[in-house]
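So you can see what is in the structure, the chains are spelled out below.
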Amino acid sequence: MTPGAEGRAPHLTGATPAVVRRTVDVDMAGDTPILREYRAVKAEHPDAIVLARLGDFYEMFGRDAEVASPILGVALTGRSFGAAGRVPMCGVPFHAATHHVRRLLGAGMRVVMWDQVGDADGGKLVRRDVTRVLSAGTAVDAELLADDAVLRCVAVVAGQGRAGVAALDASIGDLELMELAGGIDSSVLGEELLRLDAAELVVPESGAVSDSVLAGVPRAVLPDSLFDVTRADQRLLTFSGVANTHALGLDDVPLARSAAGAVLAYCERAHIVITPELLRIRVRRPGSTMRLDGATRRNLELLSPLGEGTSLHSTLDRTRTPMGSRLLRAWLQEPLIDATAIAHRAAGVQAVVRDQTARETLAAALRTVRDLERVVARCAQGSASPRDLAMVRDACAAAPHVREALANVVHAGAASDAVEQCVAPGAVIDRLAQMLVEDPPANSRDGGSIRDGADPELDTLLAAGAGARTYIAGLERSERERTGIRSLRVGYNRVFGYYIEVPNAQRGGVPDGYERKQTLVGAERYVTADLKEQESIVLHARERAVVREQELLREMASMVALHAAELERTARALSTLDALQSLAHVAADRGWVRPEVDDSEVIDIEAGRHPLVERALGPGRFVPNDCTLDAAERLVILTGPNMAGKSTYLRQVAIIVLLATFMVEMAETALILRQATSRSLVILDEIGRGTSTYDGLSIAQSVVEHIHDSPNLGCRTLFATHFHELTTLAASLPRVRNARVEVVEEGGAVTFLHRIMPGGADRSYGIHVAKLAGVPASVLVRARGLLADLEQSRPLAGRTEGGAGQLWLDIAPPADHPVVSELAELDIDQLSPIAALNKLAELRERAAT
């Protein structure tokens, strides 16, 4: 795609590093051929850093050099281009370009690789082309993308109170579409962007997507025309190779289609090749998986620890392949909520847990699979190395061994399904095994990737130079004998080719026919007519042989690309088996059991353990605890001193629920009172602790009452609090029960048993906790005196009513606002859209007065 075909180039938003120095910009410099070409490239990519390949360096000019120099830590130099002045420049060696490109991308820059694609021809300018446009969401090269990283380029567009999202993982050709209610500023959109690991946002220039959406993530702003649904549909059809969007099942997601067209256009501009065989389009429907907000992801330490510990993902990750590790990560971020699907996956884990031999054999067979899905994509994109092709060969060869490992495992749910899909194309296996050496080199520049006898034409080229190589190999010995110069040696370098080197001390013995080629400090280098002839034969044959090898490698990569759809299915099956065996290994090692999951709203955990804390403490030291939440007891008020284990218990229950993937949602933010349902698990830890005592207690009690009494909630709730006065609510709220963290007090000292027991705590043990925390003794003595005085007055004591000792806070319900009353009486079905908007404006104005 060119700017002429699709309008203006995208521009990147975000902070720009400060200018180091000011000189003449490249646009104001002289008119040389290289600068004219550079300006043309820069005009197409005004917001990118252009790296121009000039010989052995990538150079940056003008403003690009000023911006890139401090990021890369390289010197800012300059060069005079005509009478207009000196143009700032900086450069990096081409062999170290990957490292420097990674640093630019990390700083939020887009990078254009303007490479030499032609050979030097006398005094003519070497032909150059843009080969890649790299950004945070399109840098899919193997050397730029970590094995465990999932980086998606996500397009977002808004319309009619909804948001359309298209997330493309170009490293495997996966395109996920969705439409979300609530528009751009909805919490649901924020949650989805977090789940998607959005590395870059693509947004329309109309400004409908505010800067608050995933703030800090680089974004590319495209012309609104690229989000037009008609153009988007045409691009989807071109990329997928189908006749109409109906065949893709996308009729009901027009906004998502608009976003998909834009993200595909953006990646097309980045010179990323996505073939119909590689592209996989999926539609994600609302409610298909458990919702996890950002606070829950952080507090449960799903992907990264809160401190110096470990994350849940790293605790569970016993995978043998990068793609298996990424799939396990995805399962943690989007747990299932359908009981049948949960049982299907759990059956796969259980089957592998029960058969230790199968488990160990499967793990061993998966070791040679590596990252099949990304390697197949690199073949389709034309960037596969000889080693990439060997990875495809080895993965295909491993598939039968993987199937054999589970041959005796029956009724294995998801594992059985994956085994059936674990079949590699025979043509690919045969061709790659026939052609490639066992351990090919990292690149194709110097040959050595093709087996002897695999290609007659290549064998002929290699044989043509064999005689000349034999002559050169024996030349040193024969010339020493002929000349009598014992220190004579034959060598080779890329600049001068083959040569005969004679030390200066023996230069007098040089015979006729030796032609001086290079003078060194202590020696002279010579060539002979025979040596030049044999060198020409060797180098010409070698050059043609390398060209032939590269042709064969491209043919093999093209064949892999044609079978991309089959190979990606195989890759998904292998990654599924890898993730299942990883969970099975952890379960077997730690004595975990399969949960019983049904459609009820009961949580019943017996001797549950927090996997991260247990791992940190070591075997046998963690105290397990039960948890029951059912129709009779929906809300548990958990009291006890700080440091006793309340927060650990809350997170333990939440993680167990997530690992089982019960049919619940989890939330830990102020949004729960609006979003929770009867199927939700609500975790509340120390509500009201950031306020004064009376404010905090009032807020905590009102939240408990609201969750208990609201007909729209009734959710299962664990409520940890330091307000032990709240325990009196269990007497008046029938579905509330009290629990406490057991504490033993002896001789003025306390011991936390970390065991959850029925009943409420009557003390906070705050002074004992302070002692454990190292507070000075004089402060503790004073605190005990003050506590005794306060307990005599008991300003927070509840007053009894009806004979029950119950905490009572006089919080009267607020009177309805007139606007609320009028809004409740409106018959919205009888209002036209214009009348509704006018009425809304009127009510809003009255509500503000």
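Residues numbered from 1 in each chain as written. Predicted model: local features only at pLDDT ≥ 70, side-chain atom pairs only at ≥ 80, totals over all residues. Heavy atoms only, no water.

### Side note on the overall build of the chain
Phase 1 of the analysis: What the chain contains, in helices and strands, is 28 helices and 25 strands.
Phase 2 of the analysis: Taking all 849 residues of the chain together, 48% fall into the buried category.
Phase 3 of the analysis: Partitioning the intrachain contacts of the chain with sequence separation of at least 6 by distance along the chain shows that 67% fall at a separation of at least 24.
Phase 4 of the analysis: As displayed, the chain has an accessible area near 40,100 Å², and 52% of this comes from carbon and sulfur atoms. (Helix = DSSP H or I, 4+ residues; strand = E, 2+ residues; numbered from the N terminus. Buried < 20%, exposed > 50% of the residue type's maximum accessible area, 1.4 Å probe, protein only. Contact = heavy atoms within 4.5 Å. Areas by Shrake-Rupley, 256 points an atom, 1.4 Å probe, with all protein chains shown as cover.)

### Comments concerning unusual backbone geometry
Phase 1 of the analysis: The phi torsion at R370 lies on the positive side, around 55 degrees, for a residue other than glycine.
Phase 2 of the analysis: Relative to the helices and strands, R370 is located in the loop between α12 (356-366) and α13 (372-380).
Phase 3 of the analysis: Not every positive phi belongs to a glycine, and H754 is a case in point at roughly 60 degrees.
Phase 4 of the analysis: Residue classification places H754 among the partly exposed residues on the basis of a relative accessible area of 36%.

### Thoughts on helix α4 (residues 97-106)
Phase 1 of the analysis: All of the buried residues along α4 are A97, H100, V101, L104 and L105. Looking straight down α4, one finds that the buried residues subtend no more than 140 degrees of arc, so they occupy a single side.
Phase 2 of the analysis: Immediately beyond the C-terminal end of α4, within one or two residues, lies G108, with a positive phi of roughly 85 degrees. (Arc of directions from axis to C-beta.)

### A look at the pairing of strand β3 (residues 57-61)
Phase 1 of the analysis: Here β3 lies mainly inside the structure; four of its five residues are buried.
Phase 2 of the analysis: As defined by bridge partners, strand β2 (residues 48-54) adjoins β3 across three bridges and the pair is classed as antiparallel. Paired with L54 across the two strands is F57, which belongs to β3.
Phase 3 of the analysis: Hairpin remark: β2 followed by β3, antiparallel, with two residues in the connecting loop; positive phi at G55, about 65 degrees.
Phase 4 of the analysis: Both β3 and strand β5 (residues 86-93) contribute to a ladder of five bridges, which runs antiparallel. Within β5, the position partnered with M60 by the bridge is C90. (Pairing = 2+ DSSP bridges.)

### A look at the pairing of strand β17 (residues 523-527)
Walk down a regular strand and you will see the side chains alternate between the two sheet faces.
Phase 1 of the analysis: Counted residue by residue, β17 has five buried out of five residues, so it is predominantly covered.
Phase 2 of the analysis: Both faces of β17 are covered, namely the face carrying A523, R525 and V527 and the face carrying E524 and Y526.
Phase 3 of the analysis: Examined bridge by bridge, strand β15 (residues 497-503) and β17 share four bridges and lie antiparallel to one another. Within β17, the residue paired with I500 across the bridge is Y526.
Phase 4 of the analysis: As paired elements, strand β16 (residues 515-519) and β17 share four bridges and run antiparallel to each other.

### Let's talk about the sheet that holds strand β7 (residues 128-134)
Phase 1 of the analysis: With mixed pairing, six strands are arranged side by side in an open sheet as β4-β5-β3-β2-β6-β7. Each edge of the open sheet is held by one strand with a lone partner, namely β4 (77-80) and β7. Looking at each pair of strands side by side, their axes are set apart by 35 degrees on average, direction ignored.
Phase 2 of the analysis: Strand direction decides the pairing type here: β4 and β5, joined by four bridges, are antiparallel. In the sheet register, R79 faces β5, and the bridge partner there is V87.
Phase 3 of the analysis: This element, α4, spans β2, β3, β5, β6 (110-116) and β7 of the sheet and lies at about 155 degrees to β6. (Axes fitted to C-alpha atoms, helices over the stretch in contact; angles between N-to-C directions.)

### Quick word on the packing of aromatic side chains
Phase 1 of the analysis: Counted under the stated rule, the structure contains four aromatic pairs.
Phase 2 of the analysis: Ring geometry for Y38 versus F61: centroids 5.1 Å apart, planes at 70 degrees, classification edge-to-face. Here Y38, found in helix α2 (residues 33-44), pairs with F61, found in strand β3; they are 23 residues apart in sequence, far enough to count as distant.
Phase 3 of the analysis: Measuring from ring centre to ring centre gives 6.4 Å for Y38 and W114, while their planes differ by 55 degrees; the resulting arrangement is tilted. (Phe/Tyr/Trp six-rings, centres within 6.5 Å; stacked < 30°, edge-to-face > 60°.)

### A few points about a negative patch on the surface
Phase 1 of the analysis: Taken together, the side chains of D338, E596, D598 and D599 make up a negatively charged region of the molecular surface.
Phase 2 of the analysis: Along the chain, D598 turns up in the loop between α20 (564-590) and β18 (603-608). (Patch = residues over 30% accessible without salt bridge, like charges linked within 9 Å, V, L, I, M, F, W, Y side chains within 5 Å. Salt bridge = Lys/Arg side-chain N within 4 Å of Asp/Glu carboxyl O. Lys, Arg positive; Asp, Glu negative; His and termini not counted. Charge placed at Lys NZ, Arg CZ, Asp CG, Glu CD.)

### Some points on the packing of α12 against helix α14 (residues 386-405)
Relative orientation and spacing of two packed helices are given, respectively, by the angle between their axes and the distance between those axes.
Phase 1 of the analysis: Where α12 contacts α14, the axes come no closer than 8 Å and their chain directions differ by 170 degrees. By the angle class used here, α12 and α14 are roughly antiparallel. Residues A358, T361, L362, A365 and L366 of α12 form the contact with α14, whose participating residues are A398, H401, V402 and A405. (Parallel < 35°, antiparallel > 145°, perpendicular 65-115°, else oblique.)

### Looking at the environment of G309
Phase 1 of the analysis: Structurally, the position occupied by G309 is in the loop between α8 (294-299) and α9 (312-316).
Phase 2 of the analysis: With 306 residues separating them along the chain, G309 and R615 place their C-alpha atoms 9.6 Å apart.

### Points about the sheet that holds β17
Phase 1 of the analysis: What the four strands build is an open sheet, ordered β14-β15-β17-β16; its pairing is antiparallel. Each edge of the open sheet carries a strand with a single partner, namely β14 (489-493) and β16. Averaged over all neighbouring strand pairs, the angle between strand axes comes to 40 degrees, with direction disregarded.
Phase 2 of the analysis: Across the sheet, helix α19 (residues 529-562) is in contact with β14, β15, β16 and β17; its angle to β15 comes to roughly 145 degrees.

### A short note on the pattern of salt bridges
Phase 1 of the analysis: Scanning all chains against the criterion turns up 42 salt bridges.
Phase 2 of the analysis: Between K42 and D64 there is a salt bridge whose closest N-O contact spans 2.6 Å. Of the two residues, K42 sits in helix α2 while D64 sits in helix α3 (residues 62-72), which places them 22 residues apart along the sequence. With respect to burial, K42 and D64 carry one shared label: buried.
Phase 3 of the analysis: Between D174 and R280 there is a salt bridge, with its nearest N and O atoms 3.5 Å apart. Taken together, the residues span a long stretch of sequence, with D174 in strand β10 (residues 174-181) and R280 in strand β13 (residues 280-283) at a distance of 106 residues.
Phase 4 of the analysis: Here the residues in one salt-bridge network are D174, E176, E192, R195, R280, R282, R284 and E334, joined through shared partners.

### Focus: the nonpolar core
Soluble globular proteins tend to pack their nonpolar side chains together in the buried interior.
Phase 1 of the analysis: Core analysis: the largest hydrophobic core is formed by 98 residues, its most contacted members being L389, V392, L432, V560 and L718.
Phase 2 of the analysis: Among the elements that line this core, the one with the most residues is α20, at eleven residues.
Phase 3 of the analysis: Here V560 is in contact with V376, C379, L389, V392, V428, L432 and L567, once residues within four sequence places are set aside.
Phase 4 of the analysis: Membership of the second largest hydrophobic core comes to 46 residues, among which are I34, V50, A170 and I272. (Core = buried A, V, L, I, M, F, W, Y, C linked by side-chain atoms within 4.5 Å.)

### Observations regarding α12
Phase 1 of the analysis: Turning to α12, its buried residues number three or more, namely A358, R359, L362, A363, A365 and L366. Down the axis of α12, the buried set is contained in an arc of 165 degrees. They therefore lie on one face.
Phase 2 of the analysis: Check the buried side of α12 and you find it contacts α11 (339-354), α14 and α20.
Phase 3 of the analysis: Where α12 starts, the residue carrying a side-chain oxygen 3.3 Å from the main-chain nitrogen of T357 turns out to be D355. (Polar contact = N/O pair within 3.5 Å; in protein donor to acceptor, adjacent residues only side chain to side chain.)

Scope: geometric values only; no functional claims are made or implied.
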